[in-house]
Amino acid sequence: MQWEVIRKHQQDVAGANIQDYEASIAAFSWAREQAQLDGLPKGGLNIAHEALDRHVLAGRGDKLALRWIGRDDRVHDFSYADLQAAANRFANVLARRGVGKGERVFSLLGRTPELYMAALGALKNGSVFSPLFSAFGPEPIKARMTIGAAKALITSETFYRRKIEPIRHELSSLEHVFLTDCSDDPPVGATNLTAAMAMEQDSFETVWTVPEDMALLHFTSGTTGRPKGAVHVHQSVVAHHVTGKLALDLHPGDIFWCTADPGWVTGASYGIISPLTNGATLIVDQAEFDAERWYRILEAQKVNVWYTAPTAIRMLMKAGAGLAKQFDLSNLRFMASVGEPLNPEAVIWGVEAFGKPFHDNWWQTETGGIMIANYRSMDVKPGSMGRPLPGVTASIVERSRDGKIREVGKPMAMGELALRPGWPSMMRAYLNEEERYRKCFAGGWYLTGDLAMRDADGYYWFVGRADDVIKSAGHLIGPFEVESALMEHAAVAEAGVIGIPDAIAGEVVKAFVALKEGAEPTEALRKELLGHARKRLGPAIAPKDIAFRKNLPKTRSGKIMRRLLKARELGLPEGDLSTLESEEQ
Ligand code: AMP
């Protein structure tokens, strides 16, 4: 189905950071953009300096940096100076304990103010910050903290007792645990963060880091093997700053709400760093999604720029445009979405409910920042991810028979989405996985693993992921990780995990399990396995459904053919079965 283009008018162009897309591309230079930031003496650069210190030094310390809204509607305001002072205290806490430059500081927190202080304080201290999603269970946490060689962890006492204590003896690099809501009887080997911060000065000289020093470690999942730790450096702040300005149209003083959790890359890059470098106020809501609550926040906080995700938009659609119209959302200037394909219906629904479309944009953990976007002043083609950011070269490529990578010139021809390396926030490595990193590049391109098409006007259209990683409610889930947890159960012989389409979450996880000899495929066992997976993995990753099979389809080399499981489940063509091992039913 062809959707009508949403034309932009004078009011969309006036005051927009991109007035004319082509002219912005022609005039763009990363070096010039970097020069807009302070930097540190002798060519140094530090993300937290650009996010906080720069504003305070320029006399903007009293501007509102963060408004935190508690589950119970309590509000805590932090000016840029307040947030800097809190980050300084946390940096002092780390430094006093010998957590130094390049060492890894992990967080496992809900959306609490401490998370923001910790992220910025760790960066000020020259340490590497790695946020974990708070719904992870012990196994995903252990895998990530082990790969990342976590030296310090900031978490809550509840999470600590439930998720860390059972694995602490296996986390050999972990020396310091800070608890945000420490009781009078804290667990052995953990420090009360509030008390520790109260003892520290609120001044701290940001540690001198250079642009190529490692700053952030974000984990992402592959179809096989362990999660990958994408390494990002301080230089990425240039891209966070620029893409916030150009793709999200952020202006100083804007009230900005990024609904993503900082446990994922969007919530860190655009929920913390980008809005702060752009001098905006970030709104943080501790509570989970609730349509009415969200509209109340948009109205009461006078949000100007809103960055959310297709799953949330689909849930709002379910609640109906009528609900949106009960609120005064006239301050809303720009709405954007990321994380998975945004259905054209959702883009158009934005116009119905808010009088303006959602602007889809595309990027990945690896790219560190938005690469393709729909801009405020540019016409929107519903269903398209938009056009590349100024300073970013994208293309559609394919591998020819001789193994060479070549660009696919024809409009709307499908191929792999590829980017020319060189923008500041590109990952510098998968931590300790040289080979996996190297495989992402060919013929001078970074290959994204996504299939897409480009139309004659240069708009990009998402087709699907080249591999079979599952994307549920905006989170990437590696089947391997889920299968491994299921396999731990005494009754399980084999497990194969796929994503199946879901109207709300995009995809949900479904597992196919073959049982060991003697185990009976009963309903009681099915429930037990669901509970086991939930406990091991947390609700965000655990399968929603489990089906028993006598055998799972496998390749001759022993790999479970998830593609085939999926085709059978959805009644799709089974495709090439030449590598399929004969199946015993
Ligand atoms: P992550 O690394 O978790 O941010 O996931 C990145 C992946 O999410 C991309 O490679 C895409 O497969 C998918 N993705 C992100 N944004 C979009 C979008 N706007 N449209 C379609 N897929 C998207």
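Shown above is the structure to which this text applies.
This one's a predicted model, so the numbers in the text were calculated from it and none came from an experiment.

**Considerations on the site of the ligand**
Near the ligand lie 16 residues; those nearest to it are Asp360, Asn361, Thr365, Asp450 and Lys471. Between the ligand and glycine 339, the relevant distance is 3.2 Å, taken from a nitrogen atom to a main-chain nitrogen or oxygen of the residue. Glutamine 364 has a polar side-chain atom sitting 2.9 Å from an oxygen atom of the ligand. Protein burial of the ligand: of its 490 Å² of free accessible surface, 95% is covered by the chains. Where the shell around the ligand is concerned, the elements lending two or more residues are β14 (359-362) and β23 (460-465). Counting residues per element, the shell around the ligand draws most heavily on β14, which supplies three residues. When grouped by side-chain class, the residues that make up the shell around the ligand number seven nonpolar, four polar and five charged.

**Here we look at helix α8 (residues 157-164)**
Within an α-helix, residues lying three or four positions from one another point in the same direction, as the helix has 3.6 residues per turn. Taken together, the buried positions of α8 are occupied by Glu157, Phe159, Tyr160, Lys163 and Ile164. For α8, the buried positions fall inside an angular range of 160 degrees around the axis, keeping them on one side. Those residues of α8 that are buried lie in contact with β3 (104-108), α7 (138-147), β5 (150-155) and β6 (176-179).

**Comments concerning the pattern of salt bridges**
Following the criterion strictly, the structure yields 40 salt bridges and no others. Here the salt bridges do not stand alone but share partners, grouping Lys510, Glu523, Arg526, Lys527, Asp545 and Glu569 into one network.

**Description of the sheet that holds strand β27 (residues 506-515)**
One open sheet holds the three strands; their spatial order is β26-β27-β28, and the pairing between them is mixed. In this open sheet, the two edge strands, each paired with only one partner strand, are β26 (492-502) and β28 (545-548). Sheet twist, expressed as the average angle between the axes of neighbouring strands with direction ignored, equals 25 degrees. Both β26 and β27 contribute to a ladder of 10 bridges, which runs antiparallel. For proline 501, the partnering residue across the bridge sits in β27 and is glutamate 507. With respect to the sheet, helix α18 (residues 523-537) is in contact with β26, β27 and β28, its orientation differing from that of β28 by roughly 135 degrees.

Conventions we followed
Residues numbered from 1 in each chain as written. Predicted model: local features only at pLDDT ≥ 70, side-chain atom pairs only at ≥ 80, totals over all residues. Heavy atoms only, no water. Near = heavy atom within 4 Å. Polar contact = N/O pair within 3.5 Å; in protein donor to acceptor, adjacent residues only side chain to side chain. Areas by Shrake-Rupley, 256 points an atom, 1.4 Å probe, with all protein chains shown as cover. Helix = DSSP H or I, 4+ residues; strand = E, 2+ residues; numbered from the N terminus. Nonpolar A, V, L, I, M, F, W, Y, C, P; charged D, E, K, R; others polar. Buried < 20%, exposed > 50% of the residue type's maximum accessible area, 1.4 Å probe, protein only. Arc of directions from axis to C-beta. Contact = heavy atoms within 4.5 Å. Salt bridge = Lys/Arg side-chain N within 4 Å of Asp/Glu carboxyl O. Pairing = 2+ DSSP bridges. Axes fitted to C-alpha atoms, helices over the stretch in contact; angles between N-to-C directions.

No statement about biological role is implied by the geometric values presented.
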